[in-house]
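The primary structure of each chain is shown beneath.
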Amino acid sequence: MSTVILTATAAQLGEWIAAGSPTSVEVTQAFLDRIEQVEPTVNAFISVDAEGALAQAARIDERIAAGEQLGPLAGVPIGVKDLLCYQALPTTAASRMLENWTPPYDATIIERLLEAGLVIVGKTNLDEFAMGSTTENSAFGVTRNPWDVERVPGGSGGGSAAALAALEVPLAIGTDTGGSIRQPASFTGTVGVKPTYGGTSRYGVVAMASSLDQPGPCARTVADAALLHQVIAGHDPRDSTSVDQPVPPVVEAATSGDVKGLRVGIVRELEGEGFAPEVMERFEAAVAALREAGAEVVEVECPNFAHAVSAYYLVMPSEVSSNLSRYDAMRYGLRVGDDGENSTEQVMRMTRGAGFGPEVKRRIIIGTYALSSGYYDAYYGSAQKVRTLIQRDFEAAFADCDVLISPTVPSTAWKLGERIDDPLALYASDLCTIPSNMAGNASASFPFGQASGLPVGVQVMAPPMADDRLYRVGAALERVMPVALAPFASDPTQSTQEVQA
Ligand code: GLN
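Residues numbered from 1 in each chain as written. Predicted model: local features only at pLDDT ≥ 70, side-chain atom pairs only at ≥ 80, totals over all residues. Heavy atoms only, no water.

**Student:** Would you mind going over the state of the cysteines with me for this structure?
**Tutor:** A covalent bond between the sulfur atoms of two cysteines is referred to as a disulfide. Inspection of every chain in the model, using the stated rule, returns zero disulfides. Residue cysteine 401 stays outside any disulfide, its sulfur separated by 8.5 Å from that of cysteine 302, the closest cysteine. (Disulfide = S-S within 2.5 Å.)

**Student:** Looking at this model, I keep getting lost on the packing of helix 10 (residues 277-292) against helix 17 (residues 467-480). Mind explaining?
**Tutor:** Helix-helix packing: each pair is described by the crossing angle between the helix axes and the interaxial distance. At a closest axis distance of 10 Å, the pairing of helix 10 and helix 17 adopts a crossing angle of 100 degrees. Relative to helix 17, the element helix 10 lies roughly perpendicular. Listed contacts from helix 17 to Ala286, Ala289 and Leu290 of helix 10 are Val473, Ala476, Leu477 and Val480. Split into classes, the residues belonging to the contact of helix 10 with helix 17 amount to seven nonpolar, no polar and no charged. (Axes fitted to C-alpha atoms, helices over the stretch in contact; angles between N-to-C directions. Helix = DSSP H or I, 4+ residues; strand = E, 2+ residues; numbered from the N terminus. Parallel < 35°, antiparallel > 145°, perpendicular 65-115°, else oblique. Contact = heavy atoms within 4.5 Å. Nonpolar A, V, L, I, M, F, W, Y, C, P; charged D, E, K, R; others polar.)

**Student:** Sorry if this is basic, but what is going on with the sheet that holds strand 10 (residues 442-451) here?
**Tutor:** The strands making up a sheet associate through hydrogen bonds between their backbones, and the pairing can be parallel or antiparallel. In space, the eleven strands of this open sheet follow the order 1-3-2-4-6-5-10-11-9-7-8, with mixed pairing throughout. Two strands lie at the open edges of the sheet, namely strand 1 (45-48) and strand 8 (296-300), each paired on one side alone. Across the sheet, the axes of successive neighbouring strands diverge by a mean angle of 30 degrees, strand direction being ignored. Both strand 2 (residues 77-81) and strand 4 (residues 171-176) contribute to a ladder of two bridges, which runs parallel. Its bridge partner being in strand 4, valine 80 is matched across the sheet by isoleucine 173. (Pairing = 2+ DSSP bridges.)

**Student:** Explanation requested: the pattern of salt bridges in the structure shown.
**Tutor:** Note on pairing: side chains with opposite charge can pair once their charged atoms come close. Under the defined criterion, the tally for this structure stands at 17 salt bridges. Across the pair glutamate 68 and arginine 63 runs a salt bridge whose closest N-O atoms are separated by 2.9 Å. We classify glutamate 68 as partly exposed; its relative accessible area is 39%. With a relative accessible area of 32%, arginine 63 lands in the partly exposed category. The shortest N-O distance in the salt bridge between arginine 363 and glutamate 359 comes to 2.8 Å. Here glutamate 359 and arginine 363 lie together in helix 13 (residues 358-370), a separation of four residues that amounts to about one turn. Neither arginine 363 nor glutamate 359 differs from the other in exposure class; each is buried. Salt bridges linked by common partners bring Glu111, Asp236 and Arg238 together as one network. (Salt bridge = Lys/Arg side-chain N within 4 Å of Asp/Glu carboxyl O. Buried < 20%, exposed > 50% of the residue type's maximum accessible area, 1.4 Å probe, protein only.)

**Student:** Help me out: how do you make sense of the site of the ligand in this one?
**Tutor:** What surrounds the ligand is a group of 15 residues, the closest being Thr177, Gly178, Ser180, Tyr312 and Asp430. Between the ligand and glycine 132, the relevant distance is 3.0 Å, taken from a nitrogen atom to a main-chain nitrogen or oxygen of the residue. Within the side chain of tyrosine 313, one N or O atom sits 3.5 Å away from an oxygen atom of the ligand. The fraction of the free accessible surface of the ligand (300 Å²) that becomes covered by protein chains is 100%. (Near = heavy atom within 4 Å. Polar contact = N/O pair within 3.5 Å; in protein donor to acceptor, adjacent residues only side chain to side chain. Areas by Shrake-Rupley, 256 points an atom, 1.4 Å probe, with all protein chains shown as cover.)

**Student:** Can you walk me through unusual backbone geometry in this structure?
**Tutor:** A negative phi angle characterises most non-glycine residues, just as the trans form characterises most peptide bonds. With an omega dihedral of -5 degrees, the bond running from serine 21 to proline 22 counts as a cis peptide bond. Residue placement: proline 22 occurs in the loop between helix 2 (10-19) and helix 3 (24-42). Following glycine 155, the chain continues to serine 156 via a peptide bond in cis, the omega torsion being 10 degrees. Among the secondary structure elements, serine 156 is positioned in the loop between strand 3 (119-124) and helix 6 (158-165). Even without being glycine, alanine 94 reaches a positive phi, approximately 55 degrees. Topologically, alanine 94 is positioned in the loop between strand 2 and helix 5 (108-115). With a phi close to 50 degrees, serine 452 is a non-glycine residue in the positive phi region. As for its position among the elements, serine 452 is in the loop between strand 10 and strand 11 (454-462).

Structure below.
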């Protein structure tokens, strides 16, 4: 029974729970057991709330038994990136700065999950304050990729993606500032969607770079991601950047998968040189599959995408330096050196020195410099102009195409430790994902098979508030290349020891 539960889709689980067998408590227990079994190896979670999850599940079961009609995901377990405020568990952002800090309120997304009856089993691991591409920057240990436990799961949302691939949860929440939902999805063979900027609420999401941050759904199937998208999306008056428009018809699109006549643009700047040949081979297979399914494929040029990474590494750190100034040892979180002797400034300095890891410090320093008087126009100002040019490239491309596609990442998952000392190489690997954050349009990564045993993701980009097109294309791809489980996951009875061997 337990294998059937662990490998089921969230949609199936929701149907079974609604029919009373297995119950939400049974389903939740199966995932909690799985978490206990594989966490010593995978480390996808920072915290797990077994008791709270089972209590939530029991309440859902009672309501169902009483004849209440709940939504399609009621009773289904979910993991949430430890960057979203949730009163039931600490919100650490994977930083010593917020270790043991429990927020006094829930993020809007958490409220919506709970209202829809989802069962929050725990908070997933990430790079500290979502800065990184490997989850190696977490203060609470690295997360391992279930496809090869010697490899990174991607980042910053490596915990959410690895938890899905290791069958620890059927659904998860991520956040995407420069690719942190899509890149880990690509590395773990899962589905990750960055909604249109403003499509999901940022209220209660620990801010990294506010003009780029966007939470979104992570799942193993396209339909599951759409169901979760539907739950969390929509206007929130508590987030001033939230778009006050109806949620695009994502569930219908994921069901239809019809791409006949859809104009698909291959972005010339996001392929070719520097891309692993085996990644390009999978990408070309995906393009062929879409053509076969009736899409019209054209090539488009977006010349300013070549500058997206450079501009991002000015805009993002500038906003980071401003947002992270709130960790001042005075209001909440860590406080070091408060012995009555040290001045306030010394306490702040000691706290920030001890509380932030090296990558976070690097970005605060870069951002402070980029915003400093005399350099502001040259750095931050120029980067904002490049941002406008990237937006115009998208506008021009979307005049001719309904969606754009590219590989999600130029390579498959690399080994733990392989790139962590080379920040520029890590930054450069985000070249495909960053343009959509800079422009604010919708974007997703869908798995399309493996290369040398490692998953490869295809990125689909759609105009703002046309998120449904992502799901249409994702469903078409999934029909040709159904969900593949990581070898680690395909035998859920495997013990941790066997996995490590
Ligand atoms: N890898 C990117 C970075 O390090 C993306 C981060 C993110 O999307 N949160 O900035």
